[in-house]
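Residues per chain are reported as follows:
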Amino acid sequence: MVAVTGSGTATVTLPTDEQILITREFNAPKHLVYKAWTTPELVKRWWSGRQGEVTIAEIDLRVGGAWR
């Protein structure tokens, strides 16, 4: 397993009335960051942080798909 570290901080901006942009840098290969954001079982492990538990994660990577 590859160790992945981050600064622990994220920058949140509001580019438009319908968008939220969260930017954070990770000391990890791009393919692992992509996998963490696009694999439901991995999203369930990290998304809630210390504030609870994510029990359902569905990701549809098709154009017009959903992330919930």
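For the structure itself, look to the data block above.
Residues numbered from 1 in each chain as written. Predicted model: local features only at pLDDT ≥ 70, side-chain atom pairs only at ≥ 80, totals over all residues. Heavy atoms only, no water.

### A closer look at the pattern of salt bridges
Inference 1: If you walk through the whole model with that rule in mind, you get two salt bridges.
Inference 2: One salt bridge connects Glu41 with Lys44, and the closest N-O pair in it is separated by 3.4 Å. Highlighted residues: Glu41 and Lys44, both in helix α2 (residues 40-46), separated by three residues, approximately one helical turn.
Inference 3: You can call Lys44 partly exposed: its relative accessible area is 23%.
Inference 4: One salt bridge in this structure joins Arg62 and Asp60, with 2.5 Å as the shortest N-O distance.
Inference 5: A residue is classified by how much of its surface remains accessible, and Arg62, at 62% relative accessible area, is exposed.
Inference 6: A relative accessible area of 26% places Asp60 in the partly exposed class. (Salt bridge = Lys/Arg side-chain N within 4 Å of Asp/Glu carboxyl O. Helix = DSSP H or I, 4+ residues; strand = E, 2+ residues; numbered from the N terminus. Buried < 20%, exposed > 50% of the residue type's maximum accessible area, 1.4 Å probe, protein only.)

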